[in-house]
Amino acid sequence: MNDEDRAALLALRDSFAALGAADPDSWALSEISEDIPQLARFLALRRIWPELIDSWAAPGALENIPAAARLLAHGADRSDLAQLARVTAYEAVFGLLYNLTAAGRDGEAPDNSPGWRLMETTASGELTGRAVRHLHEDLLTMDPSGRDGRDLWDRQ
């Protein structure tokens, strides 16, 4: 690795660390050595667990859903309902990420149908030319609890 790449690696590692990445060295090395837009991938993924998955366990989250409120009023276990909501949210997010960043096209559409691609941009919004692909592959590793989602399917 030349001096320029080494400097870019260190700066990128520091960016990942400042953003809370669990393994900033690996993310940065992958971006530099494989030319994968890992910082863009990390930024696209990092808010999913707290905002879309774990938020269902927060006080009041289930109570705002009429069907869940009725189940709770009839004695349903709140932690079981929260677990169900979290698993459902995870599965929906995983499927969406797969369809947007791995498939890139509707497999049942005619062959001449357009596809799609999520692209990295600069801070000012200019396209870099690098596709942000396969976000679903890192979704479990972004679990802020460090459990890689294992608790979603735990039998309590």
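Residues numbered from 1 in each chain as written. Predicted model: local features only at pLDDT ≥ 70, side-chain atom pairs only at ≥ 80, totals over all residues. Heavy atoms only, no water.

1. Focus on the pattern of salt bridges
Taken as a whole, this structure holds 13 salt bridges when the rule is applied. Across the pair Arg 130 and Glu 31 runs a salt bridge, and its minimum N-O distance is 2.8 Å. Linking Arg 130 in strand β2 (residues 127–131) with Glu 31 in helix α2 (residues 24–34), this pair joins segments that are 99 residues apart in sequence. Among the residues examined, Glu 31 registers a relative accessible area of 10% and is labelled buried. (Salt bridge = Lys/Arg side-chain N within 4 Å of Asp/Glu carboxyl O. Helix = DSSP H or I, 4+ residues; strand = E, 2+ residues; numbered from the N terminus. Buried < 20%, exposed > 50% of the residue type's maximum accessible area, 1.4 Å probe, protein only.)

2. So, the nonpolar core
Ranked by internal contacts, the top residues of the largest apolar core, which has 23 residues, are Phe 16, Leu 45, Ile 48, Trp 49, Leu 97 and Leu 139. Only α1 (3–18), α2, α3 (38–45), α4 (48–53) and α6 (78–103) provide two or more residues apiece to this core. Here this core gets five residues from one element, more than from any other, and that element is α6. In contact with Ile 48, other than residues within four places in its own chain, are Ile 53, Val 93, Leu 97 and Leu 139. Ranked by size, the runner-up nonpolar core spans five residues in total, among them Leu 62, Ala 68, Leu 81 and Ala 82. (Core = buried A, V, L, I, M, F, W, Y, C linked by side-chain atoms within 4.5 Å. Contact = heavy atoms within 4.5 Å.)

3. Some words on the side chain of Asp 138
Within the secondary structure, Asp 138 is located in the segment after β2. A polar contact of 2.5 Å, which involves the side chain of Asp 138, links it to the side chain of Arg 41. Sequence-distant contacts of Asp 138, that is, excluding residues within four places in its chain, are made with Trp 27, Arg 41 and Leu 45. (Polar contact = N/O pair within 3.5 Å; in protein donor to acceptor, adjacent residues only side chain to side chain.)

4. Some thoughts on the layout of surface pockets
One number sums up the size of the largest pocket: a volume of about 250 Å³. Gly 20, Ala 22, Phe 42, Thr 141 and Met 142 are, among the 15 residues lining the largest pocket, the residues nearest its centre. Its residues assigned to classes, the lining of the largest pocket comprises eight nonpolar, three polar and four charged. (1 Å grid on protein atoms, 1.4 Å probe; cavity = no way out; pocket = protein on both sides within 12 Å on 5 of 7 lines; lining within 4 Å. Points joined across faces, edges and corners; volume = space filled by probe spheres on them. Nonpolar A, V, L, I, M, F, W, Y, C, P; charged D, E, K, R; others polar.)

5. A closer look at the side chain of Thr 101
Note on placement: Thr 101 falls in helix α6. Accessibility expressed as a relative area gives 3% for Thr 101, which makes it buried. Polar side-chain contacts of Thr 101 include one of 3.0 Å to the backbone nitrogen of Leu 135. Apart from residues no more than four positions distant in its own chain, Thr 101 is found in contact with Leu 118, Val 132, Arg 133, His 134, Leu 135 and His 136.

6. Details of unusual backbone geometry
For His 134, which is not glycine, the phi dihedral falls at a positive 55°. Positionally, His 134 belongs in the segment after β2. For Asp 148, which is not a glycine, the phi torsion comes out positive at approximately 50°. Within the secondary structure, Asp 148 is located in the segment after β2.

7. Side note on a nonpolar patch on the surface
On the surface, a nonpolar cluster with roughly 290 Å² of combined accessible area is contributed by Leu 96, Leu 100 and Trp 116. Mapped onto the secondary structure, Leu 96 falls in helix α6. (Patch = residues over 30% accessible without salt bridge, like charges linked within 9 Å, V, L, I, M, F, W, Y side chains within 5 Å. Areas by Shrake-Rupley, 256 points an atom, 1.4 Å probe, with all protein chains shown as cover.)

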